[in-house]
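One letter stands for each residue in the lines below.
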There are 2 protein chains.
Amino acid sequence: MKISYPSSQKIYVKGKIHDIRVGMRRINLRKPNAAVVVYDTSGAYSDAEVAVDIRKGLPRLRAPWVERRGDTEQLAAFSSAYCRARLADAGLADVRFPLTHLPRRAKAGRCITQMYYARQGVITPEMEYAAIRENQQCDELGIPSHITPELVRSEVAAGRAVIPANVNHPEAEPMVIGASFLVKINTNIGSSALSSGVDEEVEKAVWSCKWGGDTLMDLSTGNNIHETREWIVRNTPVPVGTVPIYQALQKVNGEVAELSWEVYRDTLIEQCEQGVDYFTIHAGLLRAHLPLARRRLTGIVSRGGSIIAGWMTQRGEENFFYTRFEEICDILRQYDVAVSLGDGLRPGSIRDANDDAQLAELAVLGQLTQTAWSHNVQVLIEGPGHVPMHKIKANVDEQLRCCHGAPFYTLGPLATDIAPGYDHITSAIGAAQIARYGTAMICYVTPKEHLGLPNKEDVRAGVIAYKIAAHAADLAKGHPVAQVRDDALSKARFDFRWKDQFALSLDPEKALEYYTDGCPDGERDHCTMCGPHFCAMKLTKSMVTNC
Amino acid sequence: MKISYPSSQKIYVKGKIHDIRVGMRRINLRKPNAAVVVYDTSGAYSDAEVAVDIRKGLPRLRAPWVERRGDTEQLAAFSSAYCRARLADAGLADVRFPLTHLPRRAKAGRCITQMYYARQGVITPEMEYAAIRENQQCDELGIPSHITPELVRSEVAAGRAVIPANVNHPEAEPMVIGASFLVKINTNIGSSALSSGVDEEVEKAVWSCKWGGDTLMDLSTGNNIHETREWIVRNTPVPVGTVPIYQALQKVNGEVAELSWEVYRDTLIEQCEQGVDYFTIHAGLLRAHLPLARRRLTGIVSRGGSIIAGWMTQRGEENFFYTRFEEICDILRQYDVAVSLGDGLRPGSIRDANDDAQLAELAVLGQLTQTAWSHNVQVLIEGPGHVPMHKIKANVDEQLRCCHGAPFYTLGPLATDIAPGYDHITSAIGAAQIARYGTAMICYVTPKEHLGLPNKEDVRAGVIAYKIAAHAADLAKGHPVAQVRDDALSKARFDFRWKDQFALSLDPEKALEYYTDGCPDGERDHCTMCGPHFCAMKLTKSMVTNC
């Protein structure tokens, strides 16, 4: 499984603080136009020199960094009873990832999270790696930029940025999520009871990285979740997130009332030791909020939220994510897994946006943020969902205020509910704006949202729509690297350098397909939209030349 | 050629002031949910009782209204020499529209524009028609709304709204463009030298109306422009616009320096008498602006702008659209053709947005607005193009200030240039925001923008992306009818009324296609995205029922 981009070469930029090599993509343009170096999420798949075998997994880039720190130890066996049972089950041989990497965990009494190091004033290799990825283009062009390894450190220390970097996922390239940095996009994949298996999910994961997905959530709810995830984690060069309650519910055969802290706890440990980098946990949805949700047009539309709401209702008990939150943090900190505090009460319609239910939960997320930080656990805050445009800024402002600046991570939001089949667009409109106002990461939505499971083309459509939204926000926020690429593409168009234009674009294959569809010759000084006699740019050029 | 929508019936709402019947679409939902009445741009094509024959054209709805006013007269022949020559050319029999309607024009000394009537305090049938279309849903539900026939009149009188309604296009249903009303979308079609002919263009025009296009620009630059336009105007139930300089340039064989006021004047009259409702005229681009444009990253990207800039450069003369603007207005007022003041210096890249060139031209458009208004000619102001998000509001504010509140009509804008092949999305992101801040009409962009000529599927993708942007803006602006439809759809989803959900959506066919793709059975209480065990809405419902 390889990835290639036109006119592009894989380059590695050396660190100045640490002995690291940061993979990036250089887009070579027709001389004398300078090459453009862009952020690259495709990992070793786009390195022609590296043979990737998905049965072996990606190179374990961060393994030596983690070992060198000396504050973790390799365990003799997996800690989760469920994990051990799966490994011992001979019937799973066909679906199991062929290699076994024993897990690492913090030594007793040691803190190993990126937040902890940052607070100690330490710039880790992960921090430098993330900074170089963001800023290499500016460095090469000598453009002043605020992004430095020290900025990454200080933002992580303050809780305003997160580097999801489980010690058990050394295959992932470090990246940083925070409002001071480039806007990131998350993609969701995952099998359901109605869909297919392992191969297709790994292929979708790599596909998502090819188009620019920065992180990946595995939302599988089908069979063999444990094994599917192992394949995905070992072969994904970006951080991987999950919603552990999905698997926990599977373990009790879908009976919500049967969920227990013990099953959930074992699931957390199982996934920490596999290498999941961040967990969505709906710990802010309390019993007291349920009456607020009942008044809504569309109730609870978060899957995790509805599961825990159902559990509270049926058991008559408080949300155990909330009551056990300190214990949860104590597990996560031993692997440096970040918590992504889920918004179980995210609005499911325009009518319900920014309502009492949503805001009541948000206030609890703010408290939990401080609890997590007291354990040096990194925190993301999840957000909506559905928000009309005039309520978007208020939403971000309120989140940043309530949650002490923790990075906001939103699903869209959809700016209208009126276009099922086009929710990558309805939500890209909201996502671009919420990112502009300070949301650090936007979770993609595909055209199949609300309707069915996305296939590969849907994943591509969703990723590109979100790369557009993220880049538009970066431009509006004044990130110089964003402007460099935008300008280079505009100039290539004006110069009729079609090849350069497409190489710089988010989806060179689609652009070329549409271009050659009209007229299948090579470079030409007009496009089929206007034809040769009505090309404004051609006319302008002749005018400029004539005077 | 017929249009049908699921669960929908064509209804006609009677006027209270005038004897008019306003065509609308009623979407019937499963009882006890109330039907939703929506704005309908599909004209007689969606009325099962009316047989439309494109060789005869649509019913001439407004003909009796115009005649009754008694201030126009039918001419004995077409005034344009070119038009007469085309009619006399036997070689064109095969491409010519079969019927001939002699043109009407204002009687000597009479004012016949909607602006003139509005300033006299007269509510015309056109104004009442436009008001009913916008507001019927609120009327039926008893929801307070500010939209009334009197508001339409007063906004048209003030120049803040435009009703494009050439007396020679009585087939078009009246509609209003202004910031106080629902956001409208324009679609562009048109053959080029490299594309096909009449049938395909008429089909695209009707197709665009099916999906919700409010107005239609025929940008043809190919052969038989005159005849193609006749077919389009006679068969289009929405206002039709053109850029007359394209045809004028064709008449001088594409030789820019050969363009003259005489050729252009005859072209204006030719098109006024055919029934074009609004003309894009690049009258604000002056010689003094050309040095500003030369400093840009992407120069001049407007076709009309580059033509007139080329003419000025080659002839060493001032823009004749500007020097002859009073004469132009004197022609337009005799047919009630609105002028859409083109932005020949619209930025063609993010770098060039809101620059000196753009703003210098805008100041001239402000002067021309007042000139046109002094002739009672209705005015639209065209806008960009490419604008990063943080400059969008300033752009609208400046336009409204410079141009005295005349309706703004923008092409997108694209919020980034980085995604050729996806410019319906890059621009819908900008369009939704510019519309929210007061732009009255947004001109769609298709996925083929910058790459090639749109086919039918591209037109559909562009229209739906823009209907999304317009509706999102209407929601943000607080238009009650927008909220009604959005809420009805959200509620249908939450109730698992899939049929109702799709009927209410912007593209029922696409939604159904995606839904049945996953699992081809009928109504069910979950979707394939989550499967039956993980459906949040299903879980919520059981929770609400259980407590």
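Residues numbered from 1 in each chain as written. Chains lettered and ligands numbered in written order. Predicted model: local features only at pLDDT ≥ 70, side-chain atom pairs only at ≥ 80, totals over all residues. Heavy atoms only, no water.

Draft legend 1. The overall build of chain A, seen in detail. Looking only at helices and strands, chain A features 21 helices and 15 strands. Taking 547 residues into account, the globule formula puts the C-alpha radius of gyration at 24 Å, and chain A, at 23 Å, falls close to it. Once the C-alpha set of chain A is aligned to its principal axes, its extents read approximately 80 × 55 × 45 Å. The buried share of chain A, reckoned over its 547 residues, is 68%. Long-range contacts, defined as pairs at least 24 residues apart, comprise 75% of the intrachain contacts of chain A with a sequence gap of at least 6. A total of about 17300 Å² of accessible surface is found on chain A, and carbon and sulfur atoms cover 50% of it. (Helix = DSSP H or I, 4+ residues; strand = E, 2+ residues; numbered from the N terminus. Rg over C-alpha atoms; globule rule 2.2 N^0.38 Å. Buried < 20%, exposed > 50% of the residue type's maximum accessible area, 1.4 Å probe, protein only. Contact = heavy atoms within 4.5 Å. Areas by Shrake-Rupley, 256 points an atom, 1.4 Å probe, with all protein chains shown as cover.)

Draft legend 2. Representation of the sheet that holds strand S11 (residues 278-281) of chain B in the model. All names here are of chain B. Read around the barrel, eight strands follow the order S8-S9-S10-S11-S12-S13-S14-S15 and close on themselves; strand pairing throughout is parallel. The mean angle between the axes of side-by-side strands here comes to 25°, regardless of whether they run parallel or antiparallel. When strand S10 (residues 240-242) meets S11, the two strands line up parallel, connected through two bridges. If you follow Thr242 over to S11, its bridge partner there is Phe279. Lying on the sheet, helix H17 (residues 456-477) is in contact with strand S8 (184-189) and strand S15 (441-443); it crosses S8 at an angle near 165°. (Pairing = 2+ DSSP bridges. Axes fitted to C-alpha atoms, helices over the stretch in contact; angles between N-to-C directions.)

Draft legend 3. Local environment of the relation of the copies chain B and chain A. After a rotation of 180° and a shift along the axis of 0.0 Å, chain B superposes on chain A with an RMSD of 0.0 Å. In symmetry terms, the pair is related by a two-fold rotation axis. Closest approach to the rotation axis among the C-alpha atoms of chain B is made by Ile429 of chain B, whose C-alpha sits 2.3 Å away. With an isologous cut-off of 70% or more, the 100% of interface residues of chain B that recur at the interface of chain A puts this contact in the isologous class. (Least-squares fit on C-alpha atoms with pLDDT ≥ 70 in both.)

Draft legend 4. Here's a closer look at the pairing of strand S1 (residues 8-14) of chain A. Residues and elements named next belong to chain A. By the bridge criterion, seven bridges tie S1 to strand S2 (residues 21-27) in an arrangement that is antiparallel. Paired with Tyr12 across the two strands is Gly23, which belongs to S2. Two successive antiparallel strands, S1 and S2, enclose a turn made up of six residues.

Draft legend 5. Up close: the interface of chain B and chain A. If you look at the interface, chain B gives 96 residues, while chain A gives 96 residues. For the pair chain B and chain A, the summed buried area comes to about 8500 Å², and 70% of that belongs to carbon and sulfur atoms. A salt bridge links Asp487 of chain A to Arg351 of chain B; the nearest nitrogen and oxygen atoms lie 2.4 Å apart. The interface formed by chain B and chain A includes 16 residue pairs in polar contact (both at pLDDT 80 or more). Counting residues per element, the side of chain B that touches chain A draws most heavily on H17 of chain B, at 10 residues. The residue inventory of the side of chain B that touches chain A, partitioned by class, reads 53 nonpolar, 27 polar and 16 charged. (Buried area = accessible area lost by both parts, 1.4 Å probe. Salt bridge = Lys/Arg side-chain N within 4 Å of Asp/Glu carboxyl O. Polar contact = N/O pair within 3.5 Å; in protein donor to acceptor, adjacent residues only side chain to side chain. Nonpolar A, V, L, I, M, F, W, Y, C, P; charged D, E, K, R; others polar.)

Draft legend 6. View of the sheet that holds S2 of chain A. All names here are of chain A. In space, the three strands of this open sheet follow the order S1-S2-S3, with antiparallel pairing throughout. Each edge of the open sheet is held by one strand with a lone partner, namely S1 and strand S3 (36-38). Within this sheet the neighbouring strands show an average axis-to-axis angle of 40°, counted without direction. On top of the sheet, helix H4 (residues 125-141) reaches S1, S2 and S3; it is set at about 40° to S2, its chief contact.

Draft legend 7. Inspection of the packing of helix H16 (residues 423-436) of chain A against H17 of chain B at higher detail. For the pair H16 of chain A and H17 of chain B, interaxial distance at closest approach is 10 Å and the crossing angle is 45°. Taken together, the axes of H16 of chain A and H17 of chain B are oblique relative to one another. Viewed along their axes, H16 of chain A and H17 of chain B form a crossing whose handedness is right-handed. The segment H16 of chain A lies against H17 of chain B, with Ile425, Thr426 and Ile429 of chain A engaging Ala465, Ile468 and Ala469 of chain B. In terms of residue class, the contact of H16 of chain A with H17 of chain B is built from five nonpolar, one polar and no charged. (Parallel < 35°, antiparallel > 145°, perpendicular 65-115°, else oblique. Left-handed = near helix turned anticlockwise from the far one by under 90°.)

Draft legend 8. Just the pattern of salt bridges, in detail. Considering all chains together, one arrives at 64 salt bridges over all chains under this definition. The network of salt bridges with shared partners includes Arg60, Glu171, Glu230 and Arg234 of chain A.

Draft legend 9. Looking closely at the packing of aromatic side chains. What the rule picks out here adds up to 26 aromatic pairs over all chains. Taking 5.5 Å as the distance between ring centres and 85° as the angle between the ring planes, the aromatic pair formed by Trp207 of chain A and Trp211 of chain A counts as edge-to-face. Highlighted residues: Trp207 of chain A and Trp211 of chain A, both in helix H6 (residues 198-211), separated by four residues, approximately one helical turn. For Trp211 of chain A, a relative accessible area of 4% puts it in the buried group. Judged by centre distance (5.4 Å) and plane angle (70°), the rings of Phe502 of chain B and Tyr515 of chain B are edge-to-face. One end of the pair, Phe502 of chain B, is in helix H19 (residues 498-504); the other, Tyr515 of chain B, is in helix H20 (residues 508-518), with 13 residues separating them in the sequence. The pair Phe502 of chain B / Tyr515 of chain B is uniform in exposure class, with both members buried. (Phe/Tyr/Trp six-rings, centres within 6.5 Å; stacked < 30°, edge-to-face > 60°.)

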